[in-house]
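Fold and geometry: a report
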Amino acid sequence: MKGYRKNNVRRIVLGGLLAMVVLVLAFAGRTVLFKNNLPAALTQDVPLALPDAGRLQPLSGFTSGAAFSMSLTPSQAAAQTTAKTAIRAEASVKNGAAVTKVPAKPSLPAQTKQKMVYLTFDDGPSKITPKVLEILRQQGVKATFFVLGEQAKQRPELISAIWEQGHAIGNHTYNHNYHALYSGFTEFWSQIKQTEEIIRNITGVRPQLVRAPGGTFGHFDKLYFRLLAQAGYSVMDWTVDSGDSKRKGVPAGDILQESVADMTASRVILLLHDGGGHEQSAKALPEIIKRYKAAGYAFGVLNGEVQPVQFRVSASAARAGHAQPSKAWIAANIIPNRELFTPGKALALEVGLLETKLLPGEYTIREGQYKVPLRAAVERLGGEVSWDVSSRSGRVVWNGRTILADAAHQQLTVTDGDGRQQIRSADVQLIGSSLWISLRGLLDAAGHPPLTAAVTAEERRVKTL
């Protein structure tokens, strides 16, 4: 009996031990089953504070990020960067740490060259120009207007409107007369300078762009191109002709069709007209703009920095053999003209209650004296200048006096208000078609003797009584 009890106790003890083992194993199994529960602690193998702001550091288990990305495309590299950032953020959140977000750099689309169209209008301004300007304003588009001097002189308010609305202005000669313009370069030059001065008086800026009436093909030889380039001008033809000047009354539908016939070119310089009789061009303009916008074109204005488009010299123009102006004429007109479009010091003239400026190229300095073009200096200071045919002299009416500037005899004949006359020797030169004179001699003769002359970093200045 005693032995039986001992055996029973032994069985109970063994059973209890066995039960404890089972319980321990059961709890151990539970830990394995719930392994995805948040652990008490994680080993942090990613630094929480990034050493270089904005740069991702290599993660444990990755090869160096730079080396790893070398064989990836840009889009794959961007995706990898995004994934690394997400892993860092997740690890930091699990540790209860603050996370500094480093946004992944988005992949950029391939750069494509913007297609450009330049709308250009010739022969204005006219009564059609306000309609064209209103359409351009409504469409949010800028254009370039090649204007005629005689039209600009008659409608200065339209030149001002073109300029103030942010459009570009080019020079289309004075009267569009083919026979005169292409009879010789000096006639073409004279019309360019005449129109240039009209535009400058209205806008304060002289146009550097030149467009030949009818285009350069068949009209320009190498001489025209060379001298205008040496003078600082940019001659601009076109790449697309709207056909609005092929005949009178070309319908808007035809103009539209010609204007948008080829929408594949990366750059289009479109020829249109806003001169008298071109109402259909204005009618076609809104749809022309719409078509180019739909084709992905941006709209630009021409200037001296835009690569010029120029037609080749035709065989007939080459055979014409225009006579080259003399070396003296080129030296007096072409060479100084380039300075009008390059930085330099202006000559400010403060005469009585009036003030004007001659830009570099509009005056010269010889033997320590200022030499100025008679017409430009006098007219900007309120006087009048005309050509006296009988004496082949410049006739000036200014400050109550009449002055004859005689280049042949190098003298000035001054007649005051009382009729008294005085002859003075003076440096007067006929250069090209312009009379140039010593500034001091001119001011003395007009009753405005110079008081001071100064030169600063910005300008030269002469002040008179």
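Predicted model only: the values in this text are computed from it and were never measured. (Residues numbered from 1 in each chain as written. Predicted model: local features only at pLDDT ≥ 70, side-chain atom pairs only at ≥ 80, totals over all residues. Heavy atoms only, no water.)

**Section: the sheet that holds strand β21 (residues 459–464)**
A sheet is described by the order of its strands in space; here 4 strands give the open sequence β10-β9-β21-β20, paired in mixed fashion. Each edge of the open sheet is held by one strand with a lone partner, namely β10 (354–358) and β20 (450–455). On average, each strand axis in the sheet is inclined to that of its neighbour by 15°, with strand direction left out of account. (Pairing = 2+ DSSP bridges. Helix = DSSP H or I, 4+ residues; strand = E, 2+ residues; numbered from the N terminus. Axes fitted to C-alpha atoms, helices over the stretch in contact; angles between N-to-C directions.)

**Describing unusual backbone geometry**
Negative phi is the rule for most residues except glycine; trans is the rule for most peptide bonds. In this structure, the amide linkage connecting glycine 124 to the following residue, proline 125, adopts the cis form with an omega of 0°. When you line up the elements, proline 125 lands in the loop between β1 (115–124) and α4 (129–139). The backbone phi angle of threonine 173 is positive, close to 70°, even though this residue is not glycine. Inspection of the secondary structure assignment puts threonine 173 in the loop between β3 (168–171) and α7 (178–181).

**Focus on the confidence of the model for the chain**
Taken residue by residue, the chain gives an average pLDDT of 81. The fraction at 70 or more is 76%. Considering only residues more than four positions removed or in separate chains, one finds that residues 24–111, a stretch of pLDDT under 50, has 45 contacts. (pLDDT = per-residue confidence, 0-100. Contact = heavy atoms within 4.5 Å.)

**Looking at helix α10 (residues 252–259)**
Of the positions making up α10, those classed as buried are Ala252, Ile255, Leu256 and Ser259. Buried positions in α10, seen along its axis, are confined to an arc of 100° and lie on one side of it. (Buried < 20%, exposed > 50% of the residue type's maximum accessible area, 1.4 Å probe, protein only. Arc of directions from axis to C-beta.)

**Quick word on the pattern of salt bridges**
A complete count under the given rule lists 18 salt bridges for this structure. Here glutamate 196 ties to arginine 206 by a salt bridge, and the two come within 2.4 Å at their closest N and O atoms. Here the residue glutamate 196 occupies a position in helix α8 (residues 185–203), and arginine 206 occupies one in the loop between α8 and β4 (209–210), the gap between them amounting to 10 residues. Of the two residues, glutamate 196 and arginine 206, both sit in the buried class. The partner of glutamate 350 in a salt bridge is arginine 461, with the nearest N and O atoms 3.1 Å apart. With glutamate 350 in strand β9 (residues 346–351) and arginine 461 in strand β21, this pair connects stretches of sequence that are 111 residues apart. Residue arginine 461 is classed as partly exposed on the basis of its relative accessible area of 23%. Via salt bridges that share partners, Lys193, Glu196, Glu197, Arg200, Arg206, Glu362 and Arg380 belong to a single interconnected network. (Salt bridge = Lys/Arg side-chain N within 4 Å of Asp/Glu carboxyl O.)

**As for the packing of aromatic side chains**
The final tally for this structure, using the stated rule, is 18 aromatic pairs. Measuring from ring centre to ring centre gives 6.2 Å for phenylalanine 185 and tryptophan 329, while their planes differ by 90°; the resulting arrangement is edge-to-face. Of this pair, phenylalanine 185 sits in helix α8 while tryptophan 329 sits in helix α13 (residues 327–337); the two residues are 144 residues apart in sequence, bridging distant segments of the chain. A centroid spacing of 4.8 Å and a plane angle of 35° characterise the contact between phenylalanine 220 and tyrosine 224, whose relative ring orientation is tilted. (Phe/Tyr/Trp six-rings, centres within 6.5 Å; stacked < 30°, edge-to-face > 60°.)

**Looking at the side chain of histidine 322**
For histidine 322, the location among the structural elements is in the loop between α12 (315–320) and α13. Taking the relative accessible area as the measure of exposure, histidine 322 reaches 15% and is therefore buried. At 2.9 Å, the side chain of histidine 322 forms a polar contact with the backbone oxygen of tyrosine 182. With residues up to four places along the chain from it excluded, the contact list for histidine 322 reads Tyr182, Ser183, Gly184, His219, Asp221, Leu223 and Tyr224. (Polar contact = N/O pair within 3.5 Å; in protein donor to acceptor, adjacent residues only side chain to side chain.)

**Brief notes about the sheet that holds strand β19 (residues 434–438)**
Pairing between the strands of a sheet comes from backbone hydrogen bonds, and it takes one of two forms, parallel or antiparallel. Strands sit in the order β11-β12-β19-β18 across an open sheet of 4 strands; the sheet is antiparallel. The open sheet has two free edges, formed respectively by β11 (364–366) and β18 (428–431), since each of these has just one partner strand. In this sheet, adjacent strand axes meet at a mean angle of 30° when their direction is disregarded. In the sheet, β11 pairs with strand β12 (residues 369–373) via 3 bridges, with the strands oriented antiparallel. Bridged to isoleucine 365 within β12 is tyrosine 370.

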